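# Working through the structure, step by step
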Amino acid sequence: MKQIKILTDMDYVELYADKLREDNSLFKQHKVLIESQLKSSSSLFSNMFGKEDFKKKARDYLRNIGLI
Amino acid sequence: MKNEEGYVIENKTIKINRDLNELDFFVRDFLNILKKHSDYLVVSGFVSISTGRTRGTEDVDIIFPLMEKTNFFNLFSDLLKNGFWCYQADNAEETYSYIRGLNSIRFARINQMFPNIEFIPFNETKKSKLFEFNHPQKIKIDGFEFKIPMLEFEILYKEIILTGKKDMEDARHLRTFFKGILSEERFKECETIIRRELK
């Protein structure tokens, strides 16, 4: 079996895209990663702001970081 | 999900062979409302991620042609009625002042910050955006169909204009994943348009 040496993040991106083109089973990992990241950011901000006055607290935060 | 190739082309539409994820549902819900009021194009990170690039994202960029105030008010009201909130304001009049000035606004689901939609207006002065908007590519994932830019445009825009690490990796993903369907002729056409933006 051919040995593939991964050198950089870019090599990994290319290798993954190559494999994915031929075999869609890798999309299962893709789904897990995307959903895990969404869940993490969602719980982070729910914990920070709670449900009461969420928008007000969120806008204060967004103003502080210069996003609005 | 059946084991098969990553994508196939069906009637000029790229069909990605995967199941939908939570990020897709978020974008689909937003587009289902937007489509009733305006044309659009999903651009940037979501193009790479929806076609298999495995990285996190916080925002999904959607461009749309600058719309009249009344039309925007209807869209805004529809979005709020259907569970979205706008970062900038709750008031359509105030929010429209951003749009009129060609500044983007953001929407997320109620009680959530991320993911969010960065909703980006453009007009005929934005030649590059106008070009990508007028040359859309349809993509379909498990019944969810939406429009993205021509792949060659998306790749070059990341490589020439954006140029950050994640953008260059996104571009490499697209070049590799879609290598069988990319066209040198289209690359040349898009490069001319994109390089004009640098002048």
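Below, the discussion takes up the pairing of strand β6 (residues 105–109) of chain B. For a regular strand, side-chain orientation follows a simple rule: the groups alternate between the two sheet faces. All names here are of chain B. Here β6 lies mainly inside the structure; 4 of its 5 residues are buried. Bridge analysis of strand β5 (residues 84–86) against β6 gives 3 bridges, and the strand direction is antiparallel. Bridge pairing in β6 places Trp85 opposite Ala108. With 4 bridges joining them, β6 and strand β7 (residues 116–122) adopt antiparallel strand pairing. Bridging across to β7, Ile105 finds its partner in Phe119.

Glancing now at the sheet that holds strand β2 (residues 13–16) of chain B. Think of a sheet as strands paired side by side through backbone hydrogen bonds, with each pair either parallel or antiparallel. All names here are of chain B. Strand order in the open sheet formed by 4 strands is β1-β2-β8-β9, and the pairing between neighbours is mixed. For this open sheet the edge positions go to β1 (7–10) and β9 (144–149), each flanked by a neighbour on one side alone. Averaged over all pairs of adjacent strands, the angle between their axes in this sheet comes to 30°, without regard to strand direction. Of the strand pairs in this sheet, strand β8 (residues 136–141) and β9 are connected by 6 bridges, and their pairing is antiparallel. Note that in β9 the partner of Lys140 across the bridge is Glu145.

This part is about the packing of aromatic side chains. All names here are of chain B. Under the counting rule described, the total for this entry stands at 26 aromatic pairs over all chains. Where Phe177 meets Phe178, the ring centres are 4.9 Å apart and the plane angle is 75°; that geometry is what we call edge-to-face. Across from the ring centre of Tyr40, 5.5 Å away, lies the NZ or CZ of Lys147, which sits over that ring.

Here we come to the side chain of B:Lys158. Residues and elements named next belong to chain B. One can find Lys158 in helix α6 (residues 151–162). Take Lys158: its relative accessible area is 0%, and that puts it in the buried class. Other than its neighbours up to four places away in sequence, Lys158 contacts Ser44, Gly45, Ser48, Thr163, Asp167, Met168, Asp170 and Ala171.

Tallied over the entire structure, the rule returns 28 salt bridges over all chains. Ionic pairing is found between B:Arg18 and B:Asp24, a salt bridge with its closest N-O pair at 2.7 Å. With respect to class, B:Arg18 is no different from B:Asp24; both count as buried. If you follow the salt bridges from partner to partner, you end up with A:Asp9, B:Arg53, B:Arg55, B:Glu154, B:Lys158, B:Lys165, B:Glu169 and B:Asp170 in one network.

Here we come to the interface of chain A and chain B. Between chain A and chain B, the residue contacts involve 36 residues of the former and 44 residues of the latter. Taken over both partners, the interface formed by chain A and chain B buries close to 3600 Å², and the fraction arising from carbon and sulfur atoms is 64%. Remark: the boundary between chain A and chain B carries 5 salt bridges. Counting the contacts that link chain A with chain B gives 17 residue pairs in polar contact (both at pLDDT 80 or more). Contributing elements (two or more residues each) for the side of chain A that touches chain B: α1 (9–22), α2 (27–49) and α3 (54–64) of chain A. Here the side of chain A that touches chain B takes 14 residues from α2(A), the largest share from any one element. Residue composition of the side of chain A that touches chain B, by class: 17 nonpolar, 7 polar and 12 charged.

The rules we used
Residues numbered from 1 in each chain as written. Chains lettered and ligands numbered in written order. Predicted model: local features only at pLDDT ≥ 70, side-chain atom pairs only at ≥ 80, totals over all residues. Heavy atoms only, no water. Buried < 20%, exposed > 50% of the residue type's maximum accessible area, 1.4 Å probe, protein only. Helix = DSSP H or I, 4+ residues; strand = E, 2+ residues; numbered from the N terminus. Pairing = 2+ DSSP bridges. Axes fitted to C-alpha atoms, helices over the stretch in contact; angles between N-to-C directions. Phe/Tyr/Trp six-rings, centres within 6.5 Å; stacked < 30°, edge-to-face > 60°. Lys NZ or Arg CZ within 6 Å of the ring centre and 35° of its normal. Contact = heavy atoms within 4.5 Å. Salt bridge = Lys/Arg side-chain N within 4 Å of Asp/Glu carboxyl O. Buried area = accessible area lost by both parts, 1.4 Å probe. Polar contact = N/O pair within 3.5 Å; in protein donor to acceptor, adjacent residues only side chain to side chain. Nonpolar A, V, L, I, M, F, W, Y, C, P; charged D, E, K, R; others polar.

Nothing here speaks to function; it is all geometry.
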